[in-house]
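# Observations on chain architecture
If you want the building blocks of each chain, they are given just below.
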Amino acid sequence: SCLACKAGFYCPREGQSTVDDFCSAGYYCPPGQKTATPELYACPPGHKCLPGAKSPTVCLAGTYQDHRGQSDCKVCPAGSYCFTASLCPGANETFPRACPRGYFCPEGSTAP
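Now for a description of the structure that goes with this document. As the structure is a prediction and not an experimental result, all values here were calculated from the model. (Residues numbered from 1 in each chain as written. Predicted model: local features only at pLDDT ≥ 70, side-chain atom pairs only at ≥ 80, totals over all residues. Heavy atoms only, no water.)

So, about the overall build of the protein. The secondary structure content of the protein amounts to 0 helices and 8 strands. Ordered by position from N to C terminus, the α and β elements of the protein give β-β-β-β-β-β-β-β. Its C-alpha atoms give the protein a radius of gyration of 18 Å, clearly above 13 Å, the size a compact globule of 112 residues would have. Counting all 112 residues of the protein, 31% fall into the buried class. For the protein, the share of sequence-separated contacts (at least 6 apart) that also reach a separation of at least 24 residues comes to 41%. Within the structure as shown, the protein displays about 7,000 Å² of accessible surface, and the carbon and sulfur contribution to it stands at 56%. Side-chain charges of the protein comprise 9 positive and 8 negative groups, with the mean position of each set lying 5 Å from the other. (Helix = DSSP H or I, 4+ residues; strand = E, 2+ residues; numbered from the N terminus. Rg over C-alpha atoms; globule rule 2.2 N^0.38 Å. Buried < 20%, exposed > 50% of the residue type's maximum accessible area, 1.4 Å probe, protein only. Contact = heavy atoms within 4.5 Å. Areas by Shrake-Rupley, 256 points an atom, 1.4 Å probe, with all protein chains shown as cover. Lys, Arg positive; Asp, Glu negative; His and termini not counted. Charge placed at Lys NZ, Arg CZ, Asp CG, Glu CD.)

Below is the structure:
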């Protein structure tokens, strides 16, 4: 019997017998994808998706991502901080937060 294309890959051709086409950077591919860039699975803000991603990867502390469909996270700029810890499980950074008065925040800061 036929099987769904594996996660991280896409199967664009009819009659395909092997899986060898990676999902594109900036997208993730759950099983059964037909295209390398499935619009429903563009990488969400606060995450990155490398080629062949099975699911989005949360940006690490000190980085952020404010756009959809990206393959990397940006380093938090000087004067700001970016953290992933939050009261909400699975929280991620989609924008840098301004460094408060009384603190200075070098590039890549994770807290004031």
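If you walk through the whole model with that rule in mind, you get 6 disulfides. The residue that forms a disulfide with Cys23 is Cys29, at a sulfur-sulfur distance of 2.2 Å. Where Cys23 bonds to Cys29 through sulfur, the torsion about that S-S bond is close to 75°, and the disulfide is right-handed. Cys29 shares its class with Cys23; the two are buried. Each sulfur in the disulfide pair Cys43 and Cys49 lies 2.2 Å from the other. On the sign convention where negative means left-handed, the S-S torsion of about 80° between Cys43 and Cys49 marks this disulfide as right-handed. Residue classification places Cys43 among the buried residues on the basis of a relative accessible area of 0%. (Disulfide = S-S within 2.5 Å.)

With respect to the element layout, Cys59 can be found in the loop between β4 (57-58) and β5 (63-64). Looking at Cys59, the relative accessible area reads 1%, which means it is buried. For the pair Cys59 and Cys76, spaced 17 residues apart in the sequence, the C-alpha separation amounts to 11 Å.

Turning our eyes to something else, we now look at the side chain of Asp21. Examined against the element boundaries, Asp21 turns out to sit in strand β2 (residues 21-22). A polar contact of 3.2 Å, which involves the side chain of Asp21, links it to the side chain of Arg13. (Polar contact = N/O pair within 3.5 Å; in protein donor to acceptor, adjacent residues only side chain to side chain.)

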